Amino acid sequence: MHVRCPDRLPEERYRRVLELLAGMSPTVQALPPTCALVELRGALRYHGTDAAHLGEVLRVRSISRLGVDVRVGIGPTITVAATASGRVPGPGGVLVVPSERVTGWLGPLPLEALHGIGPQQAAVLRDYGIHNVGLLAAVSPATVQRLLGRKAGRLAADRARGIDPRPVVPRALPASARVRHRFPQHTLDGATVRAALLDLVVQLGHLLRRRGQAAQALTLTLKFAGGTRWDRTRRLTEPSAHDDDLRVLAYRLMDAAGLQRARLTAIVLKGEDLVASDEVAQQISLDSARESRLVAEETMDRIRAKFGADAVGPAAIAPLRRAS
């Protein structure tokens, strides 16, 4: 199964689609930024259904739980499945190509529709009268290799015939989480910039806690008018997903930038080297104020879960959220 999410889908939604896929099959390969592969052989036996039904179940769950429709292609190989998902009209749907129909289904397709064939390769093939996948399959592999090069030609010839021995290799997304704020206009206001950074800290902390993860480092990226940028990464003293810890380090990173009259256009805050929160040692604290803040943080997370992410937050960022 090859799954295509909508273009420009936020990373957090993409991760949640991957979680849905992992609930269907233990073998899921993330193809960032918006695609994924799923091995269905064991999953079909486990769920006691056919591939088309499993694809429709995925769509229903993705729409109902995440508000995200997906395009699903299913076939005997990665190439066929990925080609099929690319032929599903938006916003979503399921297309199954059984093994016995592969040759007849691929044949009439334009060259660019075959997964793995780029526009430059297609242009070269068309110059020699090869206008669709069926004609490409009919040409000898040696001829295709002479036109496209040894490796690219061999792959193109095989895939036009539906041959693709690649397995689905389990792969998760990189261990990071990113949030960003774009200023509606270039800003020099230090208070506005500080409030925007605090808002990102709150968003990142909430995102990490919802995922059950903790960051071991933070990267702050500042984007300036004119296209320049500034990046700096620092490690936390211990992994954390708590707003207090993230805020202290984020402010230190901002201070290190030494902003004076720089006009900012955007800020990006990224949690790096994420680990599962249950792997983080729970330190005994004698700081009653910190313990109270952690209790308040937990309460605010429950409020956000019930009423939405913007239902509660620091007073300093309220004007910023109203403006956005």
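Preceding block: the structure.
Model, not experiment: these values are computed from the prediction.

Draft legend 1. The overall build of the protein chain, seen in detail. Helix and strand content of the protein chain: 13 helices and 10 strands. Oriented by its inertia axes, the alpha-carbon framework of the protein chain measures out at about 75 × 50 × 35 Å. Looking at the protein chain as a whole, 44% of its 324 residues qualify as buried. Considering only residue pairs separated by 6 or more positions, the protein chain has 63% of its internal contacts joining residues 24 or more positions apart. Accessible area for the protein chain stands at about 17,200 Å²; split by element, carbon and sulfur atoms hold 52% of it.

Draft legend 2. Expanded view of the packing of aromatic side chains. Applying the stated criterion across every chain yields a total of 0 aromatic pairs. A cation sits over an aromatic face here: Arg 194 above Tyr 251, 4.3 Å from the ring centre.

Draft legend 3. Structural view of the sheet that holds strand β5 (residues 93–96). Taken together, 5 strands build an open sheet; the order of strands is β2-β3-β1-β4-β5 and the sheet is mixed. Only two strands of the sheet have a single partner each, and these edge strands are β2 (28–31) and β5. Looking at each pair of strands side by side, their axes are set apart by 15° on average, direction ignored. Note: strand β1 (residues 2–4) against strand β4 (residues 71–74), 3 bridges, orientation antiparallel. Bridge pairing in β4 links Val 3 to Val 72. Against the sheet, helix α4 (residues 78–86) contacts β1, β3 (35–38), β4 and β5, and its axis sits at roughly 145° relative to β4.

Draft legend 4. Representation of the packing of helix α10 (residues 190–211) against helix α11 (residues 243–257). Running from amino to carboxyl end, α10 crosses α11 at an angle of 140°, the nearest separation of the two axes being 9 Å. Classified by the angle their axes make, α10 and α11 are oblique. Relative to α11, the crossing made by α10 is right-handed. Contacts between α10 and α11 involve Val 193, Arg 194, Leu 197, Leu 198, Val 201, Val 202, Leu 204, Gly 205, His 206, Leu 208 and Arg 209 from the former and Asp 243, Leu 246, Arg 247, Ala 250, Tyr 251, Met 254 and Asp 255 from the latter. Partitioning the contact of α10 with α11 into residue classes produces 11 nonpolar, 2 polar and 5 charged.

Draft legend 5. Representation of the pattern of salt bridges in the model. If you walk through the whole model with that rule in mind, you get 16 salt bridges. Ionic pairing is found between Arg 209 and Glu 297, a salt bridge with its closest N-O pair at 3.4 Å. In this pair, Arg 209 is assigned in helix α10 and Glu 297 in helix α12 (residues 288–307), connecting sequence segments 88 residues apart. For the residue pair Arg 209 and Glu 297, the accessibility class agrees, reading buried in each case. A salt bridge links Arg 229 to Asp 231; the shortest N-O distance between them is 3.2 Å. By relative accessible area, Arg 229 is classed as exposed at 51%. Where salt bridges share partners, they join Arg 209, Asp 243, Glu 297, Asp 301 and Arg 304 into one cluster.

Draft legend 6. Broad picture of unusual backbone geometry. Residue Pro 91 is reached from Gly 90 by a cis peptide bond, and omega for that bond is 5°. Positive phi, normally seen in glycine, also occurs at Arg 8, with a value near 60°. Relative to the elements of secondary structure, Arg 8 occurs in the loop between β1 and α1 (11–22). At Asp 273, a position not held by glycine, the phi torsion is positive, near 50°.

The rules behind each value
Residues numbered from 1 in each chain as written. Predicted model: local features only at pLDDT ≥ 70, side-chain atom pairs only at ≥ 80, totals over all residues. Heavy atoms only, no water. Helix = DSSP H or I, 4+ residues; strand = E, 2+ residues; numbered from the N terminus. Buried < 20%, exposed > 50% of the residue type's maximum accessible area, 1.4 Å probe, protein only. Contact = heavy atoms within 4.5 Å. Areas by Shrake-Rupley, 256 points an atom, 1.4 Å probe, with all protein chains shown as cover. Phe/Tyr/Trp six-rings, centres within 6.5 Å; stacked < 30°, edge-to-face > 60°. Lys NZ or Arg CZ within 6 Å of the ring centre and 35° of its normal. Pairing = 2+ DSSP bridges. Axes fitted to C-alpha atoms, helices over the stretch in contact; angles between N-to-C directions. Parallel < 35°, antiparallel > 145°, perpendicular 65-115°, else oblique. Left-handed = near helix turned anticlockwise from the far one by under 90°. Nonpolar A, V, L, I, M, F, W, Y, C, P; charged D, E, K, R; others polar. Salt bridge = Lys/Arg side-chain N within 4 Å of Asp/Glu carboxyl O.

That's the geometry; what it means functionally is another story.
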